[in-house]
Amino acid sequence: MGAFAQAVLPAPIELSTGDDYPPFSSRAEADGGAAVALVKAVFAELKQPVTVEVEPWMRGRTRTLENQIDGTFPYVPTPERLQQFRYSRPLASIKIRLFTRPGTPLATLPMDLVNGQTLCIARGTAPAAPSRRLLENQQVTLVDGSDVATCLKLLLARRVDIVQTHEQIAYRMLREMGQALESITFIGGDDPRAAEETGLHLIVSRTHPRGEALIATFDKGLEALRENGRFAEILARYGLTLPSS
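One structure accompanies this document, and this report is about it. What you see is a predicted model, and the numbers here were worked out from it, not measured in a lab.

1. A look at the environment of Ser245
Line of reasoning, step 1. Tracing the sequence through the fold places Ser245 in the segment after helix H9 (230-236).
Line of reasoning, step 2. A C-alpha to C-alpha distance of 28 Å links Ser245 and Arg63, two positions 182 residues apart in sequence.
Line of reasoning, step 3. With residues up to four places along the chain from it excluded, the contact list for Ser245 reads Arg89, Pro90 and Arg226.

2. A look at the pairing of strand S7 (residues 140-145)
Line of reasoning, step 1. The sheet contact formed by strand S6 (residues 117-122) and S7 spans six bridges and is parallel. The partner of Ile121 across the bridge, within S7, is Asp144.
Line of reasoning, step 2. Crossover handedness for the path S6 to helix H5 (residues 129-136) to S7: right-handed.

3. Description of the packing of helix H6 (residues 148-156) against helix H7 (residues 167-177)
Line of reasoning, step 1. At their nearest, the axes of H6 and H7 sit 10 Å apart, and the two run at 70 degrees to each other. It follows from the interaxial angle that H6 and H7 lie roughly perpendicular. For the pair H6 and H7, the contacting residues are Val148, Ala149, Leu152, Lys153 and Leu156 in the first and Ile169, Ala170, Met173, Leu174 and Met177 in the second.

4. Considering the state of the cysteines
What is meant by a disulfide is a covalent connection between two cysteines, made through their sulfur atoms.
Line of reasoning, step 1. Tallied over the entire structure, the rule returns one disulfide.
Line of reasoning, step 2. Covalent S-S linkage joins Cys120 and Cys151, the inter-sulfur distance amounting to 2.1 Å. Handedness here is read from the sign of the S-S torsion; for Cys120 and Cys151, about -70 degrees, the answer is left-handed. Of this pair, Cys120 sits in strand S6 while Cys151 is found in helix H6, placing the two residues 31 residues apart along the sequence. Just as Cys120 is buried, Cys151 falls in that class too.

5. Structural notes on helix H2 (residues 34-45)
Line of reasoning, step 1. Here H2 is twelve residues long and its end C-alpha atoms lie 16 Å apart, about the 16 Å a rise of 1.5 Å per residue gives.
Line of reasoning, step 2. Counting buried positions along H2 gives nine out of twelve residues, so the element sits mostly inside the fold.
Line of reasoning, step 3. Taken together, the buried positions of H2 are occupied by Ala34, Ala35, Val36, Ala37, Leu38, Val39, Ala41, Val42 and Phe43.
Line of reasoning, step 4. Residues of H2 that are buried in the fold lie against strand S1 (13-17), strand S2 (50-54), strand S3 (71-75), helix H8 (211-228) and H9.
Line of reasoning, step 5. Within two residues after H2, Lys47 carries a phi angle of roughly 55 degrees, on the positive side.

6. Structural notes on the layout of surface pockets
Line of reasoning, step 1. Looking at the largest pocket, its volume works out to about 560 Å³.
Line of reasoning, step 2. At the level of secondary structure, the elements contributing two or more residues to the lining of the largest pocket comprise helix H3 (57-65), S3, strand S5 (92-100) and strand S8 (162-166).
Line of reasoning, step 3. Split by residue class, the lining of the largest pocket holds 14 nonpolar, seven polar and seven charged.
Line of reasoning, step 4. Quantified by volume, the second largest pocket comes out at close to 230 Å³.
Line of reasoning, step 5. Considering the residues around the second largest pocket, the lining is formed by 15 residues, among which Arg61, Glu80, Arg81, Gln84 and Ala126 are closest to the centre.
Line of reasoning, step 6. Contributing elements (two or more residues each) for the lining of the second largest pocket: H3 and helix H4 (79-84).
Line of reasoning, step 7. Grouping the constituent residues of the lining of the second largest pocket by class yields six nonpolar, five polar and four charged.

7. Regarding the pattern of salt bridges
Line of reasoning, step 1. Summed over the entire model, instances satisfying the criterion amount to 13 salt bridges.
Line of reasoning, step 2. The salt bridge involving Arg59 is made with Glu55; its shortest N-O contact spans 2.4 Å.
Line of reasoning, step 3. Under the relative-accessibility criterion, Arg59 is labelled partly exposed at 43%.
Line of reasoning, step 4. For Glu55, a relative accessible area of 6% corresponds to the buried category.
Line of reasoning, step 5. Each of Asp31, Arg230, Glu233 and Arg237 takes part in one network of salt bridges that share partners.

8. Looking at the side chain of Ser131
Line of reasoning, step 1. Looking at where Ser131 falls in the secondary structure, it is placed in helix H5.
Line of reasoning, step 2. The exposure class assigned to Ser131 is buried, which follows from its relative accessible area of 0%.
Line of reasoning, step 3. Excluding residues that lie within four positions of it along the chain, Ser131 makes contacts with Leu98, Leu119, Ile121 and Gln164.

9. Let's talk about the nonpolar core
Line of reasoning, step 1. Counting residues in hydrophobic clusters, the biggest one holds 56 residues, and the most contacted among them are Phe24, Leu38, Phe43, Phe73, Leu91 and Phe218.
Line of reasoning, step 2. Broken down by element, this core gets its largest block of residues, nine residues, from H2.
Line of reasoning, step 3. With near-sequence residues (within four places) excluded, Phe218 lies in contact with Val39, Val42, Phe43, Leu46, Ser88, Leu91 and Leu202.
Line of reasoning, step 4. In this structure, Leu98, Ile121, Leu134 and Ile162 belong to the second largest nonpolar core, which totals eleven residues.

Reading guide: rules and limits
Residues numbered from 1 in each chain as written. Predicted model: local features only at pLDDT ≥ 70, side-chain atom pairs only at ≥ 80, totals over all residues. Heavy atoms only, no water. Helix = DSSP H or I, 4+ residues; strand = E, 2+ residues; numbered from the N terminus. Contact = heavy atoms within 4.5 Å. Pairing = 2+ DSSP bridges. Right-handed = clockwise from strand over helix to strand, strands pointing away. Axes fitted to C-alpha atoms, helices over the stretch in contact; angles between N-to-C directions. Parallel < 35°, antiparallel > 145°, perpendicular 65-115°, else oblique. Disulfide = S-S within 2.5 Å. Buried < 20%, exposed > 50% of the residue type's maximum accessible area, 1.4 Å probe, protein only. Expected span 1.5 Å × (residues − 1). 1 Å grid on protein atoms, 1.4 Å probe; cavity = no way out; pocket = protein on both sides within 12 Å on 5 of 7 lines; lining within 4 Å. Points joined across faces, edges and corners; volume = space filled by probe spheres on them. Nonpolar A, V, L, I, M, F, W, Y, C, P; charged D, E, K, R; others polar. Salt bridge = Lys/Arg side-chain N within 4 Å of Asp/Glu carboxyl O. Core = buried A, V, L, I, M, F, W, Y, C linked by side-chain atoms within 4.5 Å.

See below:
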């Protein structure tokens, strides 16, 4: 496997990731986070040199799209991105939710009755399926937050009504802010349309001259880590479990 990777891929592979996305990619996490530790372990398994630069999310994605670097991670699939990037098998699974303040009508309203509110999404993060539906139907106005912590602060200050993020990062940020976990709640109660389960992936540009080989090789490395138990071991350090696919 290592010999195959060395034969078709550049050395070193140049990747990027972002910060403030615990527990997956964050300078505050051990080894840079679960996704960083896992990606490095895959390329170590492949005996393929790799560099991982931490930079703003938008910059890393643009450089990947323009083939200035080989890839970036961790990213969720969206219709637009699937046209631009090749995706690896998932590094982890997450549930993206829409959060609001408890005690507000939004906490119990079904999705189709949401109307006239403001939705904050961290810069560089694509709207998940629940957010896309609200935006396409013009039920909410989008507010750009510099990061998830900023969106949550705006929510608690009653300056926005809804925040999109995944459960792990929402509760991690609240703890770091000294706020009770009960200070936010899901919109729509048990409405399944207010959540989306998805995966986090390594992505490379569809115009990368060796992008198909890079993803195929990376997926083989992931499978090897599944088989030898290292995949589960790395994720367990961060309280995560193996993705189903």
